[in-house]
Amino acid sequence: MRVGSGDFQFEPVENWERGPAGRPFGGIVPAMATDSRDRVYIARRDPAAILVYASDGRYLESWGEDVFHNPHSVWISPEDQIYIADVDDHTVRCCSTAGQVLQTWGTPGRTGAPGEPFNKPTWAVRSEAGELFVADGYGQFRVHRFAADGALLCSWGTEGSGPGQFALPHCLRLDSRGRVLAIDRENGRIQHFDVDGNYLGEWSDLGAPNDIFIDADDHVFIAEGERRISVLDLDGKVLDRWGEEGDAPGQFADHPHGIWLDSSGDLYIAEVPYINDRLQKFKRIR
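Residues numbered from 1 in each chain as written. Predicted model: local features only at pLDDT ≥ 70, side-chain atom pairs only at ≥ 80, totals over all residues. Heavy atoms only, no water.

Enquirer: Help me understand the sheet that holds strand S17 (residues 169-174) in this model?
Expert: What links the strands of a sheet is backbone hydrogen bonding, and the strands pair in either a parallel or an antiparallel sense. Overall, antiparallel pairing links the four strands, which are arranged S17-S18-S19-S20 in an open sheet. Strand pairing shows two members of the sheet lacking a second neighbour, S17 and strand S20 (199-203), which therefore form its edges. Within this sheet the neighbouring strands show an average axis-to-axis angle of 25 degrees, counted without direction. The pairing of strand S18 (residues 180-184) with strand S19 (residues 189-193) spans five bridges and is antiparallel. Across the sheet, residue Asp184 finds its bridge partner in S19, namely Arg189. (Pairing = 2+ DSSP bridges. Helix = DSSP H or I, 4+ residues; strand = E, 2+ residues; numbered from the N terminus. Axes fitted to C-alpha atoms, helices over the stretch in contact; angles between N-to-C directions.)

Enquirer: Before we go on, may I ask you to explain the layout of surface pockets in this structure?
Expert: Any space left empty among the atoms is revealed by the rolling of a water-sized probe across them. Space inside the largest pocket adds up to approximately 1100 Å³. Considering the residues around the largest pocket, the lining is formed by 42 residues, among which Trp75, Pro78, Leu174, Ile214 and Asp215 are closest to the centre. Counting only elements with at least two residues in the lining of the largest pocket, the list comes to strand S7 (71-76), strand S11 (121-126), S17, strand S21 (209-214) and strand S25 (255-261). (1 Å grid on protein atoms, 1.4 Å probe; cavity = no way out; pocket = protein on both sides within 12 Å on 5 of 7 lines; lining within 4 Å. Points joined across faces, edges and corners; volume = space filled by probe spheres on them.)

Enquirer: What exactly am I supposed to notice about the pairing of strand S6 (residues 59-63) here?
Expert: Put simply, side chains in a regular strand alternate between the two faces of the sheet. The pairing of strand S5 (residues 49-53) with S6 spans four bridges and is antiparallel. Its bridge partner lying in S6, Val52 is registered against Glu61. Hairpin remark: S5 followed by S6, antiparallel, with five residues in the connecting loop; positive phi at Gly57, about 95 degrees.

Here it is, written out as structure tokens:
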């Protein structure tokens, strides 16, 4: 089965995680990211851990079992620092590829004061300047910006459907135009802000968006919960869309929740809450 069209065509790699020396994930896996060697770091909710696989599906290791409570997202910087938002622990942690915790934001096991970090944070991403942006998340309707030294610089967002408001701030990305792209899942849109939280615009016509990946050519890949993948340019023009419900490779039995492209342009998509721990790999057709 081939999916997509034009420059965005892919073929599913069947049973990717059960390849040579592979093994099932053993729980729901909401997100993943790849490092500079295309190793795949997968967040597993329960039992909580980070699973590490090679690009060919070989299981390598796991770590974080004694640290994480409910890792919801994984984002990896160009320097291979791994940022993990833990919904149940109310923290964001930066880890090395070996699993060493390098920095922690938030107080483990405790929510912040109303409007303050964190109450069930969902996603975290770092800027080139070293600032951290966090979607916060399932417990409140906020975005937080931190300085490189960990100091809180500003926060924005209230509950609602107007500009700068959120029904669920689920994921963040920073684009090459200096904008903060913030998924507002329950309002079916991605809002755009400057780094100080000033509203700049939005993309609508999205079906419960969950995650964003922006490639080196400024193509914006969006995992939508309504079983669809959209590819946009930075002006919001739709370049491609595909997806259908089903259990076959390349179809979506449940809701696409995490999306990432590796250095070869191959695509990874995680689905939740799928009983069989489904994460699919799609090989790019050139």
